[in-house]
Amino acid sequence: MNNLRTDKYKKKKKHRVLKIISAILLVIILLCAGLIGYAYWKTSATFDQIHKPVEGKQNTSVTLDGSTPFSVLLLGVDEREGDRGRSDTMIAATVNGTTNKIQMLSIPRDTQTEIVGHNSVDKINAAYAYGGVKMAEDTASNFLNDIPFNYYIKINMEGFKDLVDAVGGITVYNDKDGLELDGETFNKGNITLDGDDALAYVRIRKTDSEGDFGRQKRQQQVISAIADKLMSTGLIWHFNDVLDAIGDNIETDFTMNDVTKIAKNYAGALGNVENLQVSGTGGIQSDGIWYYVVSDDERARLHDELAKNLEIN
């Protein structure tokens, strides 16, 4: 009899434990579902905020299925209230999911070129000031002998530091000693940067023996480091901060669906980034202004490099 009572007690206790476990599991499932729902809503709302198609631009989007290469024009601008500003940074990027290769070509902001749609020859960074993203895209494409840009990403450089802070900072390798800007000094070796440090690091030019080329390398380096952080599993801990920083400082014609496809189909390319440079000569021209002058042969070379990764002629 005692054994029977003991067995019944054990069964009731086991049943009670199972109910508790089931309840806990249900709460976890509902919590996860809620978080996923919130994450989707938050992400969708952010992309609604930053999605800015370029007025007058033909549809150049691609399938983003992993087998189709695509190109992006990255613009870093110093925009202030009432002043569009010039593009401080202009990077032509190509992404090939078959070869898992990304190219990043920084175009020096002082490059002398035709400003398409403005009927003038000026520094390439003036294109954005004259005609926004559309004129910047058209001018960069023309400079590169008709390399097309499928998409663009524009980031406010002052807000750039918010994005670095949002991902928890970044670590990069500095290959020079004594880089300095506004009291900030960066020495050779691995350095961890918060937002303010990163903004100073990518703006250094005068204390770098490579001048603007060194600055371009650091811009590409920091962009790659941010991308690595954004693709990492640790992003979940910075989810809200990242989306807030993106929403406040970035505009693009990528949709949320586009970015989801890129994360799925092109993630392998992040580990294989080729940094390209524009070769030219700097000097004061006939109008008394200093320009960086690039030959037609160099422009043709750059076109061929980018076209190869885009699999176009």
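What you are looking at is a predicted structure, and each value in this text was computed from that prediction instead of being measured.

Q: An account of the overall build of the protein is needed here, citing residue identities and associated values.
A: Of the regular secondary structure elements, the protein holds eight helices and 14 strands. Across the 313 residues of the protein, 42% fall into the buried class. Long-range contacts, defined here as pairs at least 24 residues apart, represent 65% of the contacts in the protein between residues at least 6 apart.

Q: Go over the sheet that holds strand β12 (residues 273-276) with me, naming the residues and quoting the values.
A: Taken together, six strands build an open sheet; the order of strands is β11-β6-β1-β2-β3-β12 and the sheet is mixed. Two strands bound the open sheet, and with one partner strand each, they are β11 (250-252) and β12. Taking the axes of each pair of neighbouring strands and ignoring which way they run, one obtains an average angle of 20° across the sheet. Sheet analysis places strand β1 (residues 70-77) next to strand β2 (residues 87-96), joined by eight bridges and oriented antiparallel.

Q: Which residues make up the pattern of salt bridges, and what are the values?
A: All chains considered together, the criterion is met by 19 salt bridges. Note that Lys-123 and Asp-110 form a salt bridge whose closest N and O atoms lie 3.4 Å from each other. A residue pair is termed long-range when its members are at least 10 positions apart, and Lys-123 in strand β5 (residues 120-123) and Asp-110 in the loop between β3 (101-106) and β4 (112-115) qualify at 13 residues. The two residues Lys-123 and Asp-110 agree in class, both being buried. The partner of Glu-298 in a salt bridge is Arg-301, and the shortest N-O contact between them spans 2.8 Å. Here Glu-298 pairs with Arg-301, and both are found in helix α8 (residues 296-310), just three residues apart, close to one helical turn. You can call Glu-298 buried: its relative accessible area is 9%. Classification of Arg-301 by relative accessible area gives partly exposed; the value is 35%. In the salt-bridge network here, residues are joined through shared partners; they are Asp-175, Lys-176, Asp-208, Glu-210, Lys-217 and Arg-218.

Q: Tell me about empty space enclosed by the protein, residues and numbers included.
A: On inspection of all chains with the given rule, the structure shows one cavity of 30 Å³ or more. Lining the largest cavity are Asp-88, Thr-89, Met-90, Ser-106, Ile-107, Pro-108, Arg-109, Asp-212, Arg-215, Gln-216 and Gln-219. Listing elements by their share of the lining of the largest cavity, those giving two or more residues are β2 and α5 (212-230). Considering each element in turn, the lining of the largest cavity owes the most residues, four residues, to α5. Taken together, the residues of the lining of the largest cavity break down into three nonpolar, four polar and four charged.

Q: Summarise the nonpolar core; cite the residues concerned and give the values.
A: A general trend in soluble globular proteins is that nonpolar side chains are found buried together. In terms of nonpolar packing, the biggest core is built from 29 residues, with Phe-160, Leu-163, Ile-170, Phe-186, Leu-193 and Tyr-201 touching the most fellow members. Only α1 (2-50), α3 (157-166), β7 (170-174), β10 (189-193), α4 (195-203), α5 and α6 (239-249) provide two or more residues apiece to this core. Among residues more than four places away in sequence, those in contact with Leu-193 are Val-164, Gly-169, Ile-170, Val-172, Phe-186, Ala-198 and Tyr-201.

The rules behind the values
Residues numbered from 1 in each chain as written. Predicted model: local features only at pLDDT ≥ 70, side-chain atom pairs only at ≥ 80, totals over all residues. Heavy atoms only, no water. Helix = DSSP H or I, 4+ residues; strand = E, 2+ residues; numbered from the N terminus. Buried < 20%, exposed > 50% of the residue type's maximum accessible area, 1.4 Å probe, protein only. Contact = heavy atoms within 4.5 Å. Pairing = 2+ DSSP bridges. Axes fitted to C-alpha atoms, helices over the stretch in contact; angles between N-to-C directions. Salt bridge = Lys/Arg side-chain N within 4 Å of Asp/Glu carboxyl O. 1 Å grid on protein atoms, 1.4 Å probe; cavity = no way out; pocket = protein on both sides within 12 Å on 5 of 7 lines; lining within 4 Å. Points joined across faces, edges and corners; volume = space filled by probe spheres on them. Nonpolar A, V, L, I, M, F, W, Y, C, P; charged D, E, K, R; others polar. Core = buried A, V, L, I, M, F, W, Y, C linked by side-chain atoms within 4.5 Å.

This is a description of form; function is not addressed.
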